Amino acid sequence: MKDKCVVVTGSSSGIGYEIASNLLDLGAKVIGIARNHEKSDLENKNYTPYSCDVSVHDKLEILLKQILKKHPQINCFISNAGYGNFGPLENYSTLEINKFLATNLTSHLVITKHLLPHFKRNKIGDIIFIGSEAGLKGTKNGSLYCAAKFGLKGFSEALSKDVANNNIRVSIINPGMIRTNFFQNLNFEPGDCVENAINTRDISSTVVYILSLNRNTIVDEINLSPLK
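Model, not experiment: these values are computed from the prediction.

Chemist: Requested: an account of the packing of aromatic side chains, with residues and values cited.
Modeler: For the structure shown, the criterion picks out four aromatic pairs. On the numbers, 5.1 Å between centres and 80 degrees between planes, the contact of Y83 with F100 is edge-to-face. Pair noted here: Y83 is in the loop between β4 (76-79) and α3 (94-122) and F100 is in helix α3, with a separation of 17 residues, a long-range link. Since its relative accessible area comes to 26%, Y83 is described here as partly exposed. Residue classification places F100 among the buried positions, given a relative accessible area of 0%. One aromatic cluster is present, built from ring pairs that chain together Y83, F86, F100 and Y145.

Chemist: Describe the packing of α3 against helix α4 (residues 143-163), naming the residues involved and giving the relevant values.
Modeler: Contact geometry for α3 and α4: axes closest at 9 Å, N-to-C directions at 15 degrees. Considered as vectors, α3 and α4 are oriented roughly parallel to each other. Remark: the crossing between α3 and α4 carries right-handed chirality. The residues of α4 that touch α3, namely those facing I97, F100, L101, N104, L105, H108, L109, T112, L116 and K120, are L144, Y145, A148, G151, L152, F155, L159 and V163.

Chemist: For α4, give the residues involved together with the corresponding values.
Modeler: Here α4 is 21 residues long and its end C-alpha atoms lie 30 Å apart, about the 30 Å a rise of 1.5 Å per residue gives. Within α4 the residues assigned to the buried category are L144, Y145, C146, A148, K149, L152, K153, S156, L159, S160 and V163. On the buried face of α4, the contacting elements are α3, β5 (125-130), β6 (168-175) and β7 (221-224).

Chemist: Which residues make up the nonpolar core, and what values go with them?
Modeler: Here is a general trend for soluble globular proteins: nonpolar side chains tend to be buried in one another's company. Membership of the largest hydrophobic core comes to 36 residues, with the highest contact counts inside it found for I33, I74 and I127. Residue assignment for this core shows that the elements contributing at least two residues are β1 (5-9), β2 (29-34), α2 (57-70), α3, β5, α4 and β6. Setting aside residues up to four positions removed in sequence, I33 forms contacts with V7, V8, T9, G10, S11, Y50, C52, V54, L63, L64 and I67.

Chemist: I'd love a proper account of the side chain of K149, names of residues and values included.
Modeler: Mapped onto the secondary structure, K149 falls in helix α4. Beyond its immediate sequence surroundings of up to four residues, K149 is in contact with I130, G131, S132, A134 and G135.

Chemist: Go over the environment of A102, please, and point to the residues and values.
Modeler: Within the secondary structure layout, A102 lies in helix α3. Distance in space between the C-alpha atoms of A102 and A148 is 9.3 Å, their sequence separation being 46 residues. Residues contacting A102, with those up to four places away along its chain left out, are V54, S55, H57 and S107.

Chemist: Quick rundown of the sheet that holds β5? Include the residues and the values.
Modeler: In a beta sheet, neighbouring strands are held together by backbone hydrogen bonds and run either parallel or antiparallel to one another. If you walk across this open sheet you meet the seven strands as β3-β2-β1-β4-β5-β6-β7, and the pairing is parallel. Both edges of this open sheet fall to β3 (47-51) and β7, since each of them pairs with a single strand only. Going across the sheet, the axis of each strand differs from the next one's by a mean of 15 degrees, ignoring polarity. Sheet analysis places β2 next to β3, joined by five bridges and oriented parallel. Paired with I33 across the two strands is Y50, which belongs to β3. Helix-sheet contacts for α4 involve β5, β6 and β7, and the interaxial angle to β6 is about 160 degrees.

Chemist: Please give an account of the pattern of salt bridges that cites residues and values.
Modeler: Overall, the coordinates contain six salt bridges when judged by the stated rule. Residues E157 and K153 are paired through a salt bridge, measuring 2.5 Å at the closest nitrogen-oxygen approach. Residue E157 and its partner K153 are both found in helix α4; the two are separated by four residues, about one turn of the helix. Assessed through its relative accessible area of 37%, E157 is described here as partly exposed.

Rules of the game
Residues numbered from 1 in each chain as written. Predicted model: local features only at pLDDT ≥ 70, side-chain atom pairs only at ≥ 80, totals over all residues. Heavy atoms only, no water. Phe/Tyr/Trp six-rings, centres within 6.5 Å; stacked < 30°, edge-to-face > 60°. Helix = DSSP H or I, 4+ residues; strand = E, 2+ residues; numbered from the N terminus. Buried < 20%, exposed > 50% of the residue type's maximum accessible area, 1.4 Å probe, protein only. Axes fitted to C-alpha atoms, helices over the stretch in contact; angles between N-to-C directions. Parallel < 35°, antiparallel > 145°, perpendicular 65-115°, else oblique. Left-handed = near helix turned anticlockwise from the far one by under 90°. Contact = heavy atoms within 4.5 Å. Expected span 1.5 Å × (residues − 1). Core = buried A, V, L, I, M, F, W, Y, C linked by side-chain atoms within 4.5 Å. Pairing = 2+ DSSP bridges. Salt bridge = Lys/Arg side-chain N within 4 Å of Asp/Glu carboxyl O.

Here you go:
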């Protein structure tokens, strides 16, 4: 991974933290974007943190221009930032719906939009979206979350076809229940048994696997589920 310079969103905790940590251990350079890095203990000379709420798109765009100027060697993007919200759709205000989609869907599109010209100029790039099993099948009280994840899956599939001739690979990983702080503000969580949830290390290992494949191999989609 020493030839990789990777942008990771949501890098301060959960899946994003584990991905960033694993990539750093393998010698990659990582640019981490998160709302708050104070809760993160990532300390590595190859790690550069940037603070930003990805749902505020005008500020996000300004930051992305700064990052690309300071880190022209960027050649990978792990699009992970997001949060969960579940319940009947009528319980959400229009403001809450817009905020949720701005984080869980539109931010992925905005960052990709800014990185694509850079990847195309350099004639190389990898983009990996962290999706969800909620993007594969609609679930009760998941209308908002499923809408975002179904949208992300469709975006990934279409984008992959758009950029294949530019030596840019696009993948999406759709995990089921993962034992992270994702559930701390929700009224459900995985069962206590180890078989009830995916370990975050398995997600980061899947990312490393995709990035380490020969350039002529594209992984369109990987679905990961707990044993039980």
